[in-house]
Amino acid sequence: MQQAGSAAWEAVAALARQPGAASIRRLLEADPLRARRFGFRAAGLLLDLSRTSLTEKVLAALLELAAARDLAGFRDAMAGGALVNGTEGRAALHMALRAPAGGFRTGGEDASASVQATLNAMAGFVRGVHGGQIRGAGGDRFTDVVNIGIGGSDLGPAMVAQALWRPGQPIRAHYLANVDAHAWEALRLQLDPRRTLVLVASKTFTTQETMANAQLVRGWLAQALGPAAVPQHLAALSTNLAATAAFGIAPERVFGFSEWVGGRFSLWSAVGLSVALACGLEAFAGLLAGAREMDDHFLAAPPGENLPMLLAATEVWHVNGLGYPSRAVLPYDQRLARFAAHLQQLEMESLGKRVTNAGLPVAHATGPVVFGEPGTNAQHSFLQLIHQGTTPVPVDFVLVARPDHGHAASHRILLANALAQAEALARGRTEAEARAEMAKAGLDAAEIDRLAPHRTFPGDRPSTTILLPALTPASLGALIALYEHKVACLGAFWDINPFDQWGVELGKQLAGGILPALEHGSPAKDAATAAMIGEIRRLQEG
Ligand code: F6P
C-alpha cells in the first residue's frame, strides 16, 4: 500500500538495508568529532545523537521524508489552531498554555486569553493557601494537597512535583490515581483531614476511577469534619463545569481549561495546580517559561537543527528503518523517577495507532513500547537485556550536570555509570577484547574458549543523551516540551492522529457492563469473563 511520501520512505528503507547500516562503533572510531557534529542545542539542553547509527546521508534522507510528510506544515497548523485532532474535531493548542497573551488563536477564540485568566486565578488561590487566607474549615492552615486524577490528570503533575520539590516548601503533594482503595488506605494514614486540601483533577469529570476516589475522599472529609466543612477542602481542575457543580464544588474553586488541551498535554494547565501549591508559583512559572523556550525553538528552527524534529527522525530510523520495536528511557536523576511513566502515556497513548488519518491501515510500524526507570537502578534490572538481548532497544539517557545536593562524589559515580552504559552499548566488547581480558586475568585456554561467547557484546546498541545543566523548572519544562513536540512530529511522519485515544475507551465501556455481573452475579456476555467472575465470587463468598 502506498502512503504519502512513499519515495522518501523508500529512500530511508534503502539506506537501512545497506550492510552495516546499524553499526555505531565503526562510526565513533572513524570520526573523533562525531559527538560535535551530532550534538544539537536548544533551550539550554544538549541533544547528543552521536551514539546512534545516523550518518549525514541517513539524516538527510530522514529530513527529506520530514519534508515530504510536511512536518513543518503540520507544526504550523497545530500552532495556528487548526483542528489537527481530526477524530474529535479539536485543536491541540497546549503551546498556548505557556504562551504570552495573544499568542495563539483557534476559531475565533484567543486561546491564551482564557489561559491567562486561569493562571491568574490559580496564582490567587496558591497565594491564599500559602499566605493562610485560604484555610481548612476549622481554621487550620493547609499542609497537604491530594490530587485525585488518573492518566494525564495524574502522571504529568506527579512527575513534575517530584522533580521540582525542594526542602522547605510549605505544602506536600500526594497523588491518588488507582481506584484500588489500597492506595487510598495507605495515603490516608499520612493525612490530617483538618489540614488537607483535595483537588479533583479530571478533564471530563466522568472518569470512573477518579470519581470513585473523589467520593471516597469526600466521605472521609465529611466523616472527620462534618458535611458543611467539605467545600472548604475541595477544588476541581476540569473542563466540565456542570459536573463539578453537581459534585458540590463551588464555582470559585473550579479551575478550568479548554477542550483543546489533551489530557497528556495538560500539566501546564489548571491540572498543574498541585505543582504550583507544592513547589511554588515561581517554579510553575519557570516550568512554563522553559517549555515556551522549547516551543519558540520548535516553531522557528530549521529541521536540521530542530531538536523535536531530530528526535522524531531518530525514532523513525530506529522503528521503521532498523525495526526496533521498543525504547528505554533512563533518567540518571532520582527526582525524575516518574519521567518514564509520564512519557509512556505521552508517547504510547499518542502513537499507539494502526490506521492513518484517513482511516486506512498504516503501512509501517508506529509507536514503540516505551519503558524506563532511573539509573543506576535500571542497570541492575533490565539493562542486561539491552546489552546482550536479541533485539536492540534504543535508550534515551537524561543526565543532569549539576545536582542540588553537596555530595559531589555520589554525583560523579552516577554520571560515570550513565556514560559507561552509553559507551558499553555503542562499543560492546569484541571477542578479541574478551579473550585478552580473560587471558590477563589468568584463565586457561579451555576456559577462555568456553566463556568467550558469553563475554562478547555485539555493541552497536543505539542511545541518545539529553544533558541538562541542572534540574530547574525551566530545564524540566524544556525537556517535557521537547518530547511533546517529538510526539507531534511522529504523528506527522506516520500520518496518524497523535491526539486521540479511542483504544482506551473500549475498556472503559466494558468495565461499566461487567460491574453488575461482579456485584449481583448477573450473566456476563463474554464466556471467559463469566468464568473468571464465577471464580472471584466463589472466593469472595468463601
Ligand atoms: O486514559 C484515557 C484518558 O482519557 C487519558 O487520555 C486521560 O488523561 C485520562 O483518561 C483521564 O481523563 P480525565 O482527565 O478526563 O479524568
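As annotated in an unreviewed UniProt entry, the protein chain carries the name Glucose-6-phosphate isomerase and is attributed to Falsiroseomonas tokyonensis. Entered under Catalytic activity (unreviewed entry) in the UniProt record, the comment concerning the protein chain runs "alpha-D-glucose 6-phosphate = beta-D-fructose 6-phosphate". Under the UniProt heading Sequence similarities (unreviewed entry), the note attached to the protein chain is "Belongs to the GPI family."

Peer 1: I tried to follow the domain arrangement of the protein chain on my own but got confused; where do I start?
Peer 2: Accessible area lost on assembly of the parts is the figure often given for the size of an interface. By domain assignment, the protein chain separates into domain 1 (7–82 + 286–427 + 461–494), domain 2 (108–279) and domain 3 (502–541). Spacing between the C-alpha centres of domain 1 and domain 2 amounts to 32 Å. Of the residues lining the interface, 25 residues belong to domain 1; the matching set on domain 2 comes to 15 residues. Overall, the association of domain 1 and domain 2 removes approximately 1800 Å² of surface from exposure, summing both partners, and the carbon and sulfur fraction of that is 68%. Per-residue buried area on domain 1 facing domain 2 is highest for R338, H342 and Q345; these three make up 28% of the total on that side. Connecting domain 1 to domain 2 are two salt bridges. At the boundary of domain 1 and domain 2, one finds seven residue pairs in polar contact (both at pLDDT 80 or more). Those elements giving two or more residues to the side of domain 1 that touches domain 2 turn out to be helix 12 (281–300), helix 14 (339–351) and helix 19 (473–494).

Peer 1: Any chance you could explain the site of the ligand here in plain terms?
Peer 2: For the ligand, the set of nearby residues contains 14 residues, the closest of which are S153, S202, T204, T207 and E349. Within the backbone of G152, a nitrogen or oxygen atom sits 2.8 Å from an oxygen atom of the ligand. Isolated, the ligand exposes 390 Å² of accessible area, and the fraction of that covered by the protein chains is 89%. Residues that form the shell around the ligand fall into these classes: two nonpolar, nine polar and three charged.

Peer 1: Is there a simple way to explain the pattern of salt bridges in this structure?
Peer 2: If the charged atoms of two oppositely charged side chains come close together, the side chains can form a pair. Scanning all chains against the criterion turns up 36 salt bridges. Here R427 and E29 are joined by a salt bridge, their closest N and O atoms 3.8 Å apart. Note that R427 is positioned in helix 16 (residues 408–427) and E29 in helix 2 (residues 25–30), a separation of 398 residues in sequence. Given a relative accessible area of 30%, R427 falls into the partly exposed group. Two residues, D140 and R195, come together in a salt bridge whose shortest N-O distance is 3.7 Å. One end of the pair, D140, is in the loop between helix 6 (111–131) and strand 5 (144–148); the other, R195, is in the loop between helix 8 (181–188) and strand 7 (196–201), with 55 residues separating them in the sequence.

Peer 1: Could you clarify how one ought to interpret the nonpolar core in this entry?
Peer 2: Taken as a class, soluble globular proteins show a tendency for nonpolar side chains to be buried jointly. Residues W317, F339, L476 and F493 are the most contacted members of the largest nonpolar core, which totals 117 residues. Residue-level mapping places this core at the junction of two domains, with at least three residues from each of domain 1 (7–82 + 286–427 + 461–494) and domain 2 (108–279). Apart from the residues lying within four places of it in its own chain, the contact partners of F493 are W9, L62, L65, A66, R69, L71, M309, A312, A313 and V316. M211, V217, L221 and F247 belong to the second largest nonpolar core, which has 21 residues in total.

Peer 1: Quick question: what am I supposed to make of the side chain of N497 here?
Peer 2: With respect to the helices and strands, the residue N497 is situated in the loop between helix 19 and helix 20 (502–520). In terms of polar contacts, N497 uses its side chain to reach the side chain of D500, at 3.3 Å. The residues contacting N497, other than those within four sequence positions of it, are V84, N85, G86, T87, S350, K353 and N357.

Peer 1: Would you take a moment to explain the sheet that holds strand 7 for this structure?
Peer 2: Hydrogen bonds along the backbone pair up the strands of a sheet, which may run parallel or antiparallel. The strand order across the open sheet built from five strands is 6-5-7-8-9, with neighbouring strands paired in parallel fashion. Strands at the two margins of the open sheet, each flanked by one partner only, are strand 6 (172–176) and strand 9 (254–256). Between one strand and the next, the sheet's axes are offset by a mean angle of 20 degrees, whatever the strand orientation. Where strand 8 (residues 234–238) and strand 9 come together, three bridges link them in parallel fashion. What sits directly across from S238, in strand 9, is G256. The strands that helix 6 touches are strand 7 and strand 9; relative to strand 9, the one it contacts most, it runs at about 145 degrees.

Peer 1: Got a minute to help me understand the packing of aromatic side chains in this structure?
Peer 2: We describe a pair of aromatic rings using the distance from one ring centre to the other and the angle between the two ring planes. All chains considered together, the criterion is met by seven aromatic pairs. Relative to Y483, the ring of F339 lies with its centre 5.7 Å away and its plane at 75 degrees, an arrangement referred to as edge-to-face. Taken as a pair, F339 in helix 14 and Y483 in helix 19 lie far apart in primary sequence, 144 residues in all. Like F339, the residue Y483 is buried in the burial classification.

Peer 1: Would you take a moment to explain the packing of helix 1 (residues 6–17) against helix 13 (residues 307–321) for this structure?
Peer 2: A packed helix pair is summarised by two numbers, namely the angle formed by the two axes and the spacing between the axes. Running from amino to carboxyl end, helix 1 crosses helix 13 at an angle of 70 degrees, the nearest separation of the two axes being 10 Å. Relative to helix 13, helix 1 is oriented roughly perpendicular. Classified by chirality, the crossing of helix 13 by helix 1 is right-handed. Contacts between helix 1 and helix 13 involve W9, V12, L15 and A16 from the former and V316, W317, N320 and G321 from the latter. Looking at the contact of helix 1 with helix 13 residue by residue, the classes come out as six nonpolar, two polar and no charged.

Basis of the calculations
- Residues numbered from 1 in each chain as written.
- Predicted model: local features only at pLDDT ≥ 70, side-chain atom pairs only at ≥ 80, totals over all residues.
- Heavy atoms only, no water.
- UniProt positions renumbered as here; feature names shortened; annotations may be inferred.
- Domains from an automatic or database assignment.
- Contact = heavy atoms within 4.5 Å.
- Buried area = accessible area lost by both parts, 1.4 Å probe.
- Salt bridge = Lys/Arg side-chain N within 4 Å of Asp/Glu carboxyl O.
- Polar contact = N/O pair within 3.5 Å; in protein donor to acceptor, adjacent residues only side chain to side chain.
- Helix = DSSP H or I, 4+ residues; strand = E, 2+ residues; numbered from the N terminus.
- Near = heavy atom within 4 Å.
- Areas by Shrake-Rupley, 256 points an atom, 1.4 Å probe, with all protein chains shown as cover.
- Nonpolar A, V, L, I, M, F, W, Y, C, P; charged D, E, K, R; others polar.
- Buried < 20%, exposed > 50% of the residue type's maximum accessible area, 1.4 Å probe, protein only.
- Core = buried A, V, L, I, M, F, W, Y, C linked by side-chain atoms within 4.5 Å.
- Pairing = 2+ DSSP bridges.
- Axes fitted to C-alpha atoms, helices over the stretch in contact; angles between N-to-C directions.
- Phe/Tyr/Trp six-rings, centres within 6.5 Å; stacked < 30°, edge-to-face > 60°.
- Parallel < 35°, antiparallel > 145°, perpendicular 65-115°, else oblique.
- Left-handed = near helix turned anticlockwise from the far one by under 90°.

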